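Fold and geometry: a report
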Amino acid sequence: MEERYVKEITPKSQDFSRWYIEVIRKAELVDYAPMKGMMVIRPYGYAIWEKIKELLDRRLKETGHVNAYFPLFIPESFLKKEAEHVKGFAPQVAWVTHGGDEELEERLAVRPTSEAIICSMYAKWIKSWRDLPVLINQWANIVRWEKVTRPFLRTTEFLWQEGHTAHATEEEAEEETLRILSIYKDFVENDLAIPVIAGKKTEREKFAGALRTYSIEALMADGRALQAGTSHNLGQHFSRAFNIRYEDKNQNLQYVWQTSWGVSTRLIGAVIMVHGDDSGLRFPPRIAPIQVVIVPIPANEWKEKIYKKGEHIEKELKKISVRAHFDSREEYTPGWKYSDWEMRGVPLRIEIGPKDMEKKQVVLVRRDNREKIPVSQDVLIEKISPLLEEIQKSLYNQALNFLKENTHNVNNYEEFKEIIENKRGFIKTFWCGNQDCEDKIKDETGASIRVISMEKEEKSEGNCVYCGKKAENLVYFAKAY
RNA sequence: CGGGACGUAGCGCAGCCUGGUUAGCGCGCCUGCCUUGGGAGCAGGAGGUCGGAGGUUCAAAUCCUCUCGUCCCGACCA
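Below or above, wherever it landed, is the structure these notes cover. (Residues numbered from 1 in each chain as written. Chains lettered and ligands numbered in written order. Predicted model: local features only at pLDDT ≥ 70, side-chain atom pairs only at ≥ 80, totals over all residues. Heavy atoms only, no water.)

**Section: the overall build of chain A**
Across its full length, chain A holds 14 helices and 27 strands. Against the globule reference of 23 Å for 481 residues, chain A gives a C-alpha radius of gyration of 25 Å, in line with a compact fold. Dimensions of chain A, computed from C-alpha atoms along their principal axes, come out at roughly 85 × 55 × 50 Å. Every one of the 481 residues in chain A was classed for burial, and the buried ones make up 55%. Across chain A, every contact between residues at least 6 apart in sequence was considered, and the portion connecting residues at least 24 apart equals 68%. For chain A, the distance from the average position of its 73 positive side-chain charges to the average position of its 75 negative side-chain charges is 1 Å. (Helix = DSSP H or I, 4+ residues; strand = E, 2+ residues; numbered from the N terminus. Rg over C-alpha atoms; globule rule 2.2 N^0.38 Å. Buried < 20%, exposed > 50% of the residue type's maximum accessible area, 1.4 Å probe, protein only. Contact = heavy atoms within 4.5 Å. Lys, Arg positive; Asp, Glu negative; His and termini not counted. Charge placed at Lys NZ, Arg CZ, Asp CG, Glu CD.)

Written out as structure tokens, the structure reads:
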């Protein structure tokens, strides 16, 4: 039995929801704002978002996307132009009705997503085939009036990125949709160390106004799935509604083919729920706000030397772009600091005490497995980066094993119900494609189809887990956040 | 939005059922001394309009009504 060092939080294994709430507040990632469903992202939490932005933005720019910024408000008439879209979002829209004391002639929606306002601009900007493709992304805030909220996972206001592209052909739009899906998958798996299942959404689950929606789905430690990113092929639904046309090489007017796609601050919730343990957070090194914390263990005659050494190590690590922090606080004992930084998820700790000074070494302690590694001070700096990469991989592998262990191949409904009830996780099975079966399974078990698999399976045909009819869709079911 | 639970110091709670001086406790916080290899010790100190608004009463943290917020379980959504 592993000794439990951090005693301030409810163990994750004991009460997952409570653990989540306690850890995000004690680690100072967020605090509740005085309005329902709203949160303050505190500096330590916002640092994660900044890393996510930096790493994903780089990938988007590498693939030709550029950033822009569109207005927060959307005139009601614009929002109403695409019928399915407005129907999907109407219940969640916050409205501005007054400017000062004066009532507005037309209500303004606080954007629940920006298709409407962006498409209205694209209609002005796009005239010729030479203008295409348009590959614009924006980092923005969004408001959706939610009934049930949880910090990071579902809040009334949240931060995200939303890409909106326009293309000459349907093929190009589909290519873009899938390219983004693979960028998301690559980013989430490599930088956030979270393995995901990528696939297509069913009609029931797709984005309001999309032709097709794809998503990546991650499995949380409590066995529920979390949609971690979505990419939509909008077809010509919006270009027809907003009249976005270009003249092609043959001088024919054509409607553009569009995509939109996004990931949000919800990803932070995923990182917490996938990697966290009984002692608190465990951040993957690539996004950890602090990657290495240096804790001195002062003893009277050594104190000055130890502090100097600690500061020196911090400086050297920063030189090689390691996010290092020397914890010079004198009011806390080393043991207290260990627990504190473990709760806050710092991937690697360096301890320096009198015994280490005598041996000209330090002790490294990994957050992922708590392994203690004595290292000579001479070679310390060069050891750090490879070790951080190893921790990154180790966290990914732990999450991957969990995903594998909790993905159940099932082909009868009784077993399906039993697993959803007791074990949760993903259920991989066949579905006939009929929405009745999908609805009934949802009603009876609470599980929904997260995605239709895109893997090239040998066995591409089976029987629907619900009705038993011939089925071609291999799908992943789960209870979802 | 339905069902349940809860709101008392920064955090965790007791007090409420059965109304009655100055509302307690642990941790944290501040000052000083002393300590520091897994959440140290001693001494002193600060901190509360009991979520908010009404009402009942001579008197309300306590009883009643409304309201705001949080958590859990469902239905809806990133």
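Now that the structure is up, let's keep going.
**Some details on the sheet that holds strand 27 (residues 473-478)**
Across the sheet, which stays open at both edges, the eleven strands sit in the order 3-7-8-14-11-10-9-24-27-23-22 with mixed pairing between neighbours. Of all strands in the sheet, those with a lone pairing partner are strand 3 (66-67) and strand 22 (407-409), marking the two edges. Direction of pairing for strand 10 (residues 212-219) relative to strand 11 (residues 225-235): antiparallel, over a ladder of eight bridges. For Tyr214, the partnering residue across the bridge sits in strand 11 and is Ser231. (Pairing = 2+ DSSP bridges.)

**A short note on the nonpolar core**
One broad trend across soluble globular proteins is that nonpolar side chains are buried collectively. The biggest cluster of nonpolar side chains holds 58 residues, and the ones touching the most others in it are Leu29, Phe152, Leu192, Ile194 and Ile272. In this view, Ile272 contacts Trp19, Tyr20, Val23, Ile24, Leu29, Phe152 and Leu281; residues no more than four positions away in its chain are not counted. Ile74, Ala109, Ile118 and Ile136 belong to the second largest nonpolar core, which has 27 residues in total. (Core = buried A, V, L, I, M, F, W, Y, C linked by side-chain atoms within 4.5 Å.)

**Examining the layout of surface pockets**
Estimates place the volume of the largest pocket at around 1,200 Å³. For the largest pocket, the lining is made up of 42 residues, of which Arg144, Glu146, Arg154, Gln227 and Arg266 are closest to its centre. Looking at the lining of the largest pocket, the elements with two or more residues in it are helix 4 (83-89), strand 8 (157-167), strand 11, strand 14 (257-264), helix 8 (266-275) and strand 24 (448-453). Of the volumes computed, that of the second largest pocket is approximately 280 Å³. Lining of the second largest pocket is provided by 17 residues; of these, Lys12, Ala221, Val274, Gly276 and Arg282 occupy positions nearest its centre. Taken together, the elements giving at least two residues each to the lining of the second largest pocket come down to helix 8 and helix 12 (380-405). No other element matches the five residues that helix 12 contributes to the lining of the second largest pocket. Split by residue class, the lining of the second largest pocket holds nine nonpolar, four polar and four charged. (1 Å grid on protein atoms, 1.4 Å probe; cavity = no way out; pocket = protein on both sides within 12 Å on 5 of 7 lines; lining within 4 Å. Points joined across faces, edges and corners; volume = space filled by probe spheres on them. Nonpolar A, V, L, I, M, F, W, Y, C, P; charged D, E, K, R; others polar.)

**Considerations on the protein's contact with RNA strand B**
The immediate surroundings of RNA strand B are formed by 51 residues, with Arg154, Phe158, Arg266, Trp336 and Lys355 found nearest. In RNA strand B, atoms within 4 Å of the protein come from the sugar-phosphate backbone in 42% of cases. Separating a phosphate oxygen of RNA strand B from a side-chain N or O atom of Arg150 is a distance of 2.9 Å. Here a base nitrogen of RNA strand B and a side-chain polar atom of Trp336 are 2.6 Å apart. Those elements that place two or more of their residues in the surface near RNA strand B are helix 1 (16-26), helix 10 (334-343), strand 19 (348-352) and helix 11 (354-359). For the surface near RNA strand B, the element with the highest residue contribution is helix 10, accounting for seven residues. Classifying every residue of the surface near RNA strand B by side-chain character gives 19 nonpolar, eleven polar and 21 charged. (Near = heavy atom within 4 Å. Polar contact = N/O pair within 3.5 Å; in protein donor to acceptor, adjacent residues only side chain to side chain.)

**Topic: the pattern of salt bridges**
As a working rule, side chains carrying opposite charge can pair if their charged atoms are close by. Enumeration over the complete set of coordinates arrives at 40 salt bridges. Residue Arg349 pairs with Glu342 through a salt bridge whose shortest N-O separation is 2.9 Å. When sorted by exposure, Arg349 lands in the same class as Glu342, which is buried. Measuring nitrogen to oxygen at the nearest pair gives 2.5 Å for the salt bridge that ties Asp368 to Arg366. As far as the burial class goes, Asp368 and Arg366 line up, both buried. Members of the salt-bridge network, linked through shared partners, are Glu28, Arg42, Asp327, Arg329, Lys337, Asp340 and Arg344. (Salt bridge = Lys/Arg side-chain N within 4 Å of Asp/Glu carboxyl O.)

**Some thoughts on the environment of Trp261**
Position of Trp261 relative to the elements: it lies in strand 14. Residues in contact with Trp261, not counting those within four places in the same chain, are Leu60, His65, Asn137, Gln161, Glu162, Gly163, Thr165, Glu176, Ile180, Tyr184, Thr230 and Ser231.

**Remarks on empty space enclosed by the protein**
A complete count under the given rule lists one cavity of 30 Å³ or more for this structure. Volume-wise, the largest cavity comes out at about 60 Å³. If you go around the largest cavity, the residues you meet are Val293, Trp341, Glu342, Val346, Pro347, Leu348, Arg349, Val365, Arg366, Arg367 and Arg370. Put simply, the parts of the chain that give the lining of the largest cavity at least two residues each are helix 10, strand 19 and strand 20 (361-366).

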